[in-house]
Amino acid sequence: MQIQEALDTFLIQLEADGRSIHTRKQYARHVRLFTNWAHEVGHSGAIDKFDEPFVAKFFVSDTGKNTARGAKRKATAANALRTSIRVFFGFCHDAGWTPKNAARLLRRAIAPPPAPRALSEAEEARFVAALEDATPRDHTLFTLMLKTGIRLSTALALNIEDIDIDGIMDIWMKGDQQERLEFSPNVASILTGFIGDRFSGPFICGQGGSRLGTRQAQRRFRVLADLARLPKRVSPHALRHTFATRLYQKTSDILAVKNALMHRSIESTMVYVK
């Protein structure tokens with residue numbers, strides 16, 4: 001079996017396992033990077049002919065160590081690449097296509113978690129001012145994210161039936177985990193005004209009443225971010241970081257932040273402790 005055929009089957013399995021399209025694309029991109037390098041150095045591409053020394057050579061090669069522009073990969077990016085290759089070859093071994101896992105000796109490098117990119121108070125004020133002139137949909141979507149800390153994907157997945165205007169909503173978290181989120185009366189007032197006389201369907205709609213897509217929402221955020229003179233690197237996820245940062249500044253209670261963000265592990269929340 002050739003590595004491309006193995007990759008195609010691997011991606012199907014990931015989809016069957018419920019992995020997100022973003023995760024599947026990352027695995028595919030990383031394995032194809034490895035595959036192209038293997039072909040360049042003369043490997044046949046037969047999946048059962050890869051071994052631990054060959055995989056190690058990839059990670060010390062310029063392709064494995066550097067980005068397409070020639071810069072050294074950040075530790076977090078290098079670890080993501082290691083994970084993709086290790087999981088892929090682990091799958092091939094479990095499927096019985098290889099005598100052993102050629103990536104079994106790979107280890108993740110020790111890398112500190114990146115500092116969260118929250119908006120400064122001045123940036124937040126400018127963004128809130130920009131929201132005042134936004135469409136009702138954009139105003140509601142990004143205010144909800146800023147005031148509750150939910151992710152963009154979570155906000156876009158909301159249905160009207162999920163929202164109890166008395167202050168509770170059922171949300172789907174990362175990893176298809178369902179949780180109940182409490183929100184303030186101020187947020188409830190915004191949601192009530194936006195829902196109007198609707199009783200069901202997507203909470204945030206695009207054209208024709210269909211659910212607003214992630215890329216559309218990201219483009220709308222970028223328009224507002226430019227109006228607020230935010231740096232180009234700022235993404236919608238900065239609203240979640242801003243919510244968490246302000247909550248910790250107000251309470252000094254990292255457990256309160258953990259619960260508000262619905263993190264499974266306190267380690268994920270400790271990045272907000274400075």
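Below, the structure is looked at part by part.

Reading the values: the criteria
Residues numbered from 1 in each chain as written. Predicted model: local features only at pLDDT ≥ 70, side-chain atom pairs only at ≥ 80, totals over all residues. Heavy atoms only, no water. Helix = DSSP H or I, 4+ residues; strand = E, 2+ residues; numbered from the N terminus. Buried < 20%, exposed > 50% of the residue type's maximum accessible area, 1.4 Å probe, protein only. Areas by Shrake-Rupley, 256 points an atom, 1.4 Å probe, with all protein chains shown as cover. Lys, Arg positive; Asp, Glu negative; His and termini not counted. Charge placed at Lys NZ, Arg CZ, Asp CG, Glu CD. Phe/Tyr/Trp six-rings, centres within 6.5 Å; stacked < 30°, edge-to-face > 60°. Lys NZ or Arg CZ within 6 Å of the ring centre and 35° of its normal. Axes fitted to C-alpha atoms, helices over the stretch in contact; angles between N-to-C directions. Parallel < 35°, antiparallel > 145°, perpendicular 65-115°, else oblique. Contact = heavy atoms within 4.5 Å. Nonpolar A, V, L, I, M, F, W, Y, C, P; charged D, E, K, R; others polar. Core = buried A, V, L, I, M, F, W, Y, C linked by side-chain atoms within 4.5 Å. Patch = residues over 30% accessible without salt bridge, like charges linked within 9 Å, V, L, I, M, F, W, Y side chains within 5 Å. Salt bridge = Lys/Arg side-chain N within 4 Å of Asp/Glu carboxyl O.

## Focus on the overall build of the protein chain
Argument step 1. In terms of regular secondary structure, the protein chain is built from 13 helices and three strands.
Argument step 2. Principal axes of the C-alpha set define a box for the protein chain whose edges measure 65 × 40 × 35 Å.
Argument step 3. Burial analysis of the protein chain (274 residues in total) assigns 43% to the buried set.
Argument step 4. For the protein chain, the accessible surface area stands at approximately 15400 Å², while carbon and sulfur atoms represent 52% of it.
Argument step 5. For the protein chain, the distance from the average site of its 40 positive side-chain charges to the average site of its 28 negative ones is 8 Å.

## Topic: the packing of aromatic side chains
Argument step 1. Taken as a whole and judged by the stated rule, the model has 19 aromatic pairs.
Argument step 2. Each ring, one from W37 and one from F54, has its centre 5.0 Å from the other, and the planes form 50 degrees; the classification is tilted. Separated by 17 residues along the polypeptide, W37 in helix α2 (residues 21-40) and F54 in helix α3 (residues 52-60) bring together distant segments of the chain. Pair check on accessibility: W37 and F54 agree, each one buried.
Argument step 3. Through a chain of ring-to-ring contacts, three or more aromatic side chains come together here, namely F10, Y27, F34, W37, F50, F54, F58, F59, F88, F89, F91 and W97.
Argument step 4. Its end group placed over the ring of F194, R198 keeps NZ or CZ at 5.1 Å from the ring centre.

## Quick look at the packing of helix α7 (residues 136-148) against helix α10 (residues 214-227)
Argument step 1. Contact pair α7 / α10: the axes reach a minimum separation of 11 Å and the direction vectors enclose 90 degrees. In this view, α7 runs roughly perpendicular relative to α10, as classed from their interaxial angle. In contact with R137, D138, L141 and F142 of α7, α10 contributes A217, R220, F221 and L224.
Argument step 2. Split by residue class, the contact of α7 with α10 holds five nonpolar, no polar and three charged.

## So, unusual backbone geometry
Argument step 1. Positive phi outside glycine occurs at R229, with the angle close to 60 degrees.
Argument step 2. As for its placement among the helices and strands, R229 is situated in the loop between α10 and α11 (237-251).
Argument step 3. Here R229 falls in the exposed class, since its relative accessible area comes to 59%.
Argument step 4. Phi at S252 is positive, roughly 55 degrees, even though this residue is not glycine.
Argument step 5. Inspection of the secondary structure puts S252 in the loop between α11 and α12 (254-261).
Argument step 6. The exposure class assigned to S252 is exposed, which follows from its relative accessible area of 56%.

## Digging into the packing of α2 against helix α5 (residues 75-94)
Argument step 1. Interaxial distance between α2 and α5 falls to 9 Å at its minimum, and their mutual angle equals 85 degrees. What the angle tells us is that α2 and α5 run roughly perpendicular. Together, Q26, Y27, H30, V31, L33 and F34 of α2 and A80, L81, T83, S84, I85, V87, F88 and F89 of α5 make up the contact between the two elements.
Argument step 2. Counted by class, the contact of α2 with α5 contains 10 nonpolar, four polar and no charged residues.

## Let's talk about the nonpolar core
Argument step 1. One finds F127, L141, F142, M169 and F203 to be the most contacted residues of the largest nonpolar core, which totals 39 residues.
Argument step 2. Secondary structure elements with two or more residues in this core: α6 (121-132), α7, α8 (152-157), β2 (168-173), α9 (185-195), α10 and α11.

## Some points on a nonpolar patch on the surface
Argument step 1. There is a patch of nonpolar side chains on the surface, built from L255, I266, M270 and V273 and spanning about 300 Å² of accessible area.
Argument step 2. Tracing the chain through its elements places I266 in helix α13 (residues 266-269).

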